[in-house]
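Descriptive analysis of the structure
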Amino acid sequence: MGCNNILRESWAEYVGWELTEAYYAKQNRARPSYSTISGCNNQLWKKTDKREKDNGTYSPLFTDLSDNYNQRDDGVEYPNDMISDVPYSFIHELSRAGNWDNFKEELQRGVGLGYFTQAQHDEFIADYDYWRAHHTLHWW
Ligand SMILES: [Ca+2]
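Okay, so let's go over this structure.

Parameters at a glance
Residues numbered from 1 in each chain as written. Predicted model: local features only at pLDDT ≥ 70, side-chain atom pairs only at ≥ 80, totals over all residues. Core = buried A, V, L, I, M, F, W, Y, C linked by C-beta atoms within 7 Å. Buried ≥ 20, exposed ≤ 12 C-beta atoms within 10 Å, placed from the backbone. Helix = DSSP H or I, 4+ residues; strand = E, 2+ residues; numbered from the N terminus. Contact = placed C-beta atoms within 7 Å. Axes fitted to C-alpha atoms, helices over the stretch in contact; angles between N-to-C directions. Parallel < 35°, antiparallel > 145°, perpendicular 65-115°, else oblique. Left-handed = near helix turned anticlockwise from the far one by under 90°. Nonpolar A, V, L, I, M, F, W, Y, C, P; charged D, E, K, R; others polar.

Here we take up the nonpolar core. Among the nonpolar cores identified, the biggest contains 17 residues, and Phe62 and Leu94 are the most heavily contacted of them. If you list the elements that add at least two residues to this core, you get helix 1 (6-26), helix 3 (88-95), helix 4 (100-112) and helix 5 (118-133). When neighbours within four sequence positions are excluded, Leu94 is seen to be in contact with Phe62, Phe103, Glu106 and Leu107.

Turning our attention to the environment of Thr57. The topology assignment puts Thr57 in the loop between helix 1 and helix 2 (63-66). In this structure, the C-alpha to C-alpha distance between Thr57 and Trp45, residues 12 residues apart in sequence, is 9.0 Å.

With respect to the helices, strands and loops of the structure, Tyr14 is situated in helix 1. Setting aside anything within four residues of it in sequence, one finds Tyr14 in contact with Phe62 and Thr63.

Axis separation between helix 3 and helix 4 bottoms out at 9 Å; the angle between their running directions is 160°. Compared by their axis directions, helix 3 and helix 4 come out roughly antiparallel. The handedness of the crossing between helix 3 and helix 4 is right-handed. Residues Phe90, Glu93 and Leu94 of helix 3 touch helix 4, and the partners they reach there are Phe103, Glu106, Leu107 and Gly110. For the contact of helix 3 with helix 4, the class distribution of residues is 4 nonpolar, 1 polar and 2 charged.

What follows concerns the packing of helix 4 against helix 5. Relative placement of two packed helices is described by the angle separating their axes and the distance separating the axes. Where helix 4 meets helix 5, the closest approach of the two axes is 10 Å, and the angle between their N-to-C directions is 165°. Between helix 4 and helix 5, the angle is such that the two are roughly antiparallel. Here the hand of the crossing between helix 4 and helix 5 comes out right-handed. Here helix 4 contributes Trp100, Lys104, Leu107, Gln108, Gly110 and Val111 to the contact with helix 5, which in turn contributes Gln118, His121, Ile125 and Arg132. For the contact of helix 4 with helix 5, the per-class residue count stands at 4 nonpolar, 4 polar and 2 charged.

Here's what the structure looks like:
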């Protein structure tokens, strides 16, 4: 695998974000819905970001399953994140998918488990499918 792996980098960003959020919660501070505390939530990621130039691999793929902020509210160029509060256990399973096809197959299970609707799932995955289709040198 190369260093530009969207699954791996996005997972690392999620862990950093989640730990920072947990720390703030422990300090009795409200969990910010759109936190820039850690800089790991990547809410400004766009499907048109290039891999290296715009840090395209540092996406909110995992963070968006947990956070309750829909960055689409900031503009149509951002993902329509209508999913929130997916259990960590499920997100962790997704992190072990290893490649994009396995990730998508696992994510689909979330519909049956009631974590989100099919429509929310389809909207969630659309920007990443677009990103993948427009990047020939990607490592998933
Ligand atoms: Ca979000």
